[in-house]
Amino acid sequence: MSFQINYAASARIGWSDLLYMNLENIKIGHSELTDSLFIYRHGKDPELALDKRPAERDVFTALIRHMMHESPKGSERTVTIGDKQYLIRVTPV
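Novice: Give me the overall build of the protein: which residues, what numbers.
Specialist: For the protein, the count of helices and strands is three helices and six strands. When the elements of the protein are put in sequence order from the N terminus, they spell out β-α-α-β-β-β-α-β-β. Counting the 93 residues in the protein, one finds 20% classified as buried. Residue pairs in contact within the protein that sit at least 24 positions apart in sequence constitute 24% of those at least 6 positions apart. Working note: accessible area of the protein is about 7600 Å², and carbon and sulfur atoms make up 57% of it.

Novice: I'd like to hear about the pattern of salt bridges, residue by residue, with values.
Specialist: Scanning the entire structure with this criterion turns up three salt bridges. As a salt-bridge pair, R41 and D51 come within 3.3 Å of each other at their nearest N and O atoms. A residue pair is termed long-range when its members are at least 10 positions apart, and R41 in strand 3 (residues 36–42) and D51 in strand 4 (residues 48–54) qualify at 10 residues. Here R41 falls in the buried class, since its relative accessible area comes to 10%. D51 sits in the partly exposed class, given a relative accessible area of 33%. The shortest N-O distance in the salt bridge between E76 and R89 comes to 2.8 Å. Note that E76 is positioned in strand 5 (residues 75–81) and R89 in strand 6 (residues 84–90), a separation of 13 residues in sequence. A residue is classified by how much of its surface remains accessible, and E76, at 44% relative accessible area, is partly exposed. Judged by its relative accessible area of 54%, R89 falls in the exposed class.

Novice: Please give an account of the confidence of the model for the protein that cites residues and values.
Specialist: The predicted coordinates should not be examined in detail at positions where pLDDT is low. Of the residues in the protein, 77% reach a pLDDT of 70 or more, and the chain-wide mean stands at 84. For the protein, helix 1 (residues 7–11) is the element with the lowest average pLDDT, namely 48, and strand 6 is the one with the highest, namely 97.

Novice: A description of unusual backbone geometry should follow, citing residues and the corresponding values.
Specialist: Phi is positive for D35, which is not a glycine, with a value near 50°. A positive phi angle, close to 60°, is found at E70, a residue other than glycine. Among the secondary structure elements, E70 is positioned in the loop between helix 3 (56–68) and strand 5.

Rules behind the numbers
- Residues numbered from 1 in each chain as written.
- Predicted model: local features only at pLDDT ≥ 70, side-chain atom pairs only at ≥ 80, totals over all residues.
- Heavy atoms only, no water.
- Helix = DSSP H or I, 4+ residues; strand = E, 2+ residues; numbered from the N terminus.
- Buried < 20%, exposed > 50% of the residue type's maximum accessible area, 1.4 Å probe, protein only.
- Contact = heavy atoms within 4.5 Å.
- Areas by Shrake-Rupley, 256 points an atom, 1.4 Å probe, with all protein chains shown as cover.
- Salt bridge = Lys/Arg side-chain N within 4 Å of Asp/Glu carboxyl O.
- pLDDT = per-residue confidence, 0-100.

Here you go:
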């Protein structure tokens, strides 16, 4: 899945944009082109970014803090996405 940025829409804010300024319209995305994570805000089309910023450090920091909470030696979780399962393991180096 690739995302586009509508720079013209992000440069101006109108009343219709205010309808889309809530947490439901802010998502975390992955760019296949740059292989990076980002946070983006979208309007009616969830695949069209009105604006975005890098988020890789934020995502990994939150994940590690969450998984290391009260687990000084690390922890692991099984995550199900669709019909596939993934093992995420975090340990200090």
